[in-house]
Amino acid sequence: MDKNAVVTGASKGIGLAVAAALRDEGYRVVAGARTISTELEQITPLAMSVDLSTPDGPGHLVDAAIRELGGIDLLVNNVAGTNGPHAGGFLAVSDDDWQHALNLTLFSTIRVSRAALPSLIERGGQIITINSVNARRPPAHLVDIAAAKAAQLNLGKALAEEFGPRGVRVNTISPGPVRTAVWSEPGSTGDLLATRAGVSRDELLASLPATLGASTGRITEPAEVAALVVFLASGKVPNIHGADLVIDGAFVRSYR
């Protein structure tokens with residue numbers, strides 16, 4: 001039987017790496033993103049431009065995937081976003097900022113999962129949600145998305161409890177800093193922190209593992225997160241369920 005996957009937020013970064021890794025594992029991948037990048041078009045012909053922050057966007061994506069593929073075996077909730085970073089911290093975050101972060105991060109996961117679950121139940125599928133260590137260590141300049149990620153983590157636990165008995169495995173993956181545009185683009189978190197430190201973005205990125213105390217001496221690459229998705233999707237350890245797998249070079253030092 002064909003293996004079918006839906007990946008959200010797939011145009012770049014972690015989502016793009018996940019789409020590529022699943023394709024290499026033989027999945028047919030429907031990839032949703034607001035903007036379809038050239039790189040994504042090269043990975044899958046089933047890329048769909050969709051605004052997942054809207055009430056209707058997630059359902060349109062899932063409906064298109066089921067029409068095209070006949071069913072869904074794997075849903076990867078990756079899309080997330082904020083209008084930040086917010087240099088002024090909590091008091092600089094407007095209601096619009098909060099609503100954007102919640103819509104794109106939390107409500108997209110709720111809506112895509114709700115739309116996909118009937119097919120996932122029918123096919124004994126999986127949900128894997130890309131979360132963040134910020135759910136546990138919320139930085140002031142990302143307070144809105146960190147709160148949304150904490151709620152998303154809680155949602156994953158609830159879905160695992162409810163739908164595990166119906167044959168659907170649900171897990172989350174929480175990366176620490178990952179080498180993506182979040183750290184390298186103008187106006188990004190990397191840009192903000194580099195300005196505060198009086199260094200270039202490249203200098204900040206090079207010093208980041210030591211600054212964070214990552215005992216591996218490096219930050220995570222998108223392909224590493226994608227490899228973890230592939231491992232969970234393989235079903236080789238089917239009792240990993242309701243788990244949150246952290247990949248952060250020991251950045252977060254706490255019992256989980």
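This write-up is about the structure you can find in this document. (Residues numbered from 1 in each chain as written. Predicted model: local features only at pLDDT ≥ 70, side-chain atom pairs only at ≥ 80, totals over all residues. Heavy atoms only, no water.)

## Side note on the overall build of the protein chain
Helix and strand counts for the protein chain stand at nine helices and seven strands. Whereas a compact globule of 256 residues would reach a radius of gyration of roughly 18 Å, the protein chain reaches 18 Å, a difference of no more than 12%. Expressed as lengths along the three principal axes of its C-alpha atoms, the size of the protein chain is roughly 55 × 35 × 35 Å. In the protein chain, which comprises 256 residues, the share counted as buried stands at 52%. When the accessible surface of the protein chain is split by element, carbon and sulfur atoms take 53% of a total near 11700 Å². Once the 22 positive and 25 negative side-chain charges of the protein chain are each reduced to a mean point, those two points are 6 Å apart. (Helix = DSSP H or I, 4+ residues; strand = E, 2+ residues; numbered from the N terminus. Rg over C-alpha atoms; globule rule 2.2 N^0.38 Å. Buried < 20%, exposed > 50% of the residue type's maximum accessible area, 1.4 Å probe, protein only. Areas by Shrake-Rupley, 256 points an atom, 1.4 Å probe, with all protein chains shown as cover. Lys, Arg positive; Asp, Glu negative; His and termini not counted. Charge placed at Lys NZ, Arg CZ, Asp CG, Glu CD.)

## Overview of the pairing of strand E2 (residues 27-33)
With six of seven residues buried, E2 lies mostly within the body of the structure. Taken together, the six bridges between strand E1 (residues 3-8) and E2 define a ladder with parallel strand orientation. By the bridge assignment, Val-7 is partnered in E2 with Ala-31. Two elements, E2 and strand E3 (residues 47-49), share three bridges in a ladder whose sense is parallel. Within the sheet, the bridge partner assigned to Ala-33 lies in E3 and is Ser-49. (Pairing = 2+ DSSP bridges.)

## Description of the nonpolar core
If you look at the biggest cluster of nonpolar residues, it comprises 31 residues, and the most contacted ones within it are Val-18, Leu-22, Leu-74, Val-76, Ile-173 and Val-229. Elements represented by at least two residues in this core include exactly E1, helix H1 (13-24), E2, helix H2 (38-43), strand E4 (74-77), strand E5 (126-130) and helix H9 (222-234). Take this core: its biggest share by element is eight residues, from H1. The residues touching Val-18, leaving out its near neighbours within four places in the chain, are Val-7, Val-76, Ala-226 and Val-229. (Core = buried A, V, L, I, M, F, W, Y, C linked by side-chain atoms within 4.5 Å. Contact = heavy atoms within 4.5 Å.)

## Regarding the pattern of salt bridges
Note that side chains of opposite charge can pair when their charged atoms are close. Per the stated rule, a full pass over the model turns up seven salt bridges. A salt bridge links Asp-24 to Arg-23, with the nearest nitrogen and oxygen atoms 2.9 Å apart. Two residues, Asp-73 and Arg-123, come together in a salt bridge whose shortest N-O distance is 2.9 Å. Placement of Asp-73 in the loop between helix H3 (57-69) and E4 and of Arg-123 in helix H4 (residues 95-123) is noted, with a sequence separation of 50 residues between them. We classify Asp-73 as buried; its relative accessible area is 12%. (Salt bridge = Lys/Arg side-chain N within 4 Å of Asp/Glu carboxyl O.)

## Here we look at H3
For H3, with 13 residues, the first-to-last C-alpha span of 18 Å sits near the 18 Å given by 1.5 Å per residue. Along H3, the residues classified as buried are Gly-57, Pro-58, Leu-61, Val-62, Ala-64, Ala-65 and Leu-69. The buried side chains of H3 occupy one side of the element, clustering within an arc of 160° when seen end-on. Among the structural elements, E1, E2, E3 and H4 are those in contact with the buried residues of H3. (Expected span 1.5 Å × (residues − 1). Arc of directions from axis to C-beta.)

## So, H1
The terminal C-alpha atoms of H1, which comprises 12 residues, lie 17 Å apart, in line with the 16 Å expected from a rise of 1.5 Å per residue. Within H1, nine of the 12 residues are buried, which leaves the element mostly enclosed by the surrounding structure. Among the residues making up H1, those that are buried are Ile-14, Gly-15, Leu-16, Ala-17, Val-18, Ala-19, Ala-20, Ala-21 and Leu-22. Within two residues after H1, Gly-26 carries a phi angle of roughly 95°, on the positive side.

## A few points about the environment of Gly-59
In this fold, Gly-59 is placed in helix H3. Overall, Gly-59 belongs to the partly exposed group, its relative accessible area being 22%. The spacing of Gly-59 and Leu-40 is 19 residues in sequence and 21 Å in space, taken between C-alpha atoms.

## Some details on the environment of Asp-96
Structurally, Asp-96 is set in helix H4. The spatial distance from the C-alpha of Asp-96 to the C-alpha of Ala-65 is 31 Å, given a sequence separation of 31 residues.

## Considerations on the sheet that holds strand E7 (residues 244-247)
Reading across from one edge, E3-E2-E1-E4-E5-E6-E7 is the order of the seven strands in this open sheet, with parallel pairing throughout. Two strands close off the open sheet at either side, each with one partner strand: E3 and E7. Averaged over neighbouring strand pairs, the angle between their axes works out to 15° when direction is ignored. Across four bridges, strand E6 (residues 169-175) lies against E7 in parallel orientation. Residue pairing across strands places Pro-175 opposite Ile-247, the latter belonging to E7. Against the sheet, H1 makes contact with E1, E2, E4, E5 and E6, and its axis sits at roughly 165° relative to E2, the strand it touches most. (Axes fitted to C-alpha atoms, helices over the stretch in contact; angles between N-to-C directions.)

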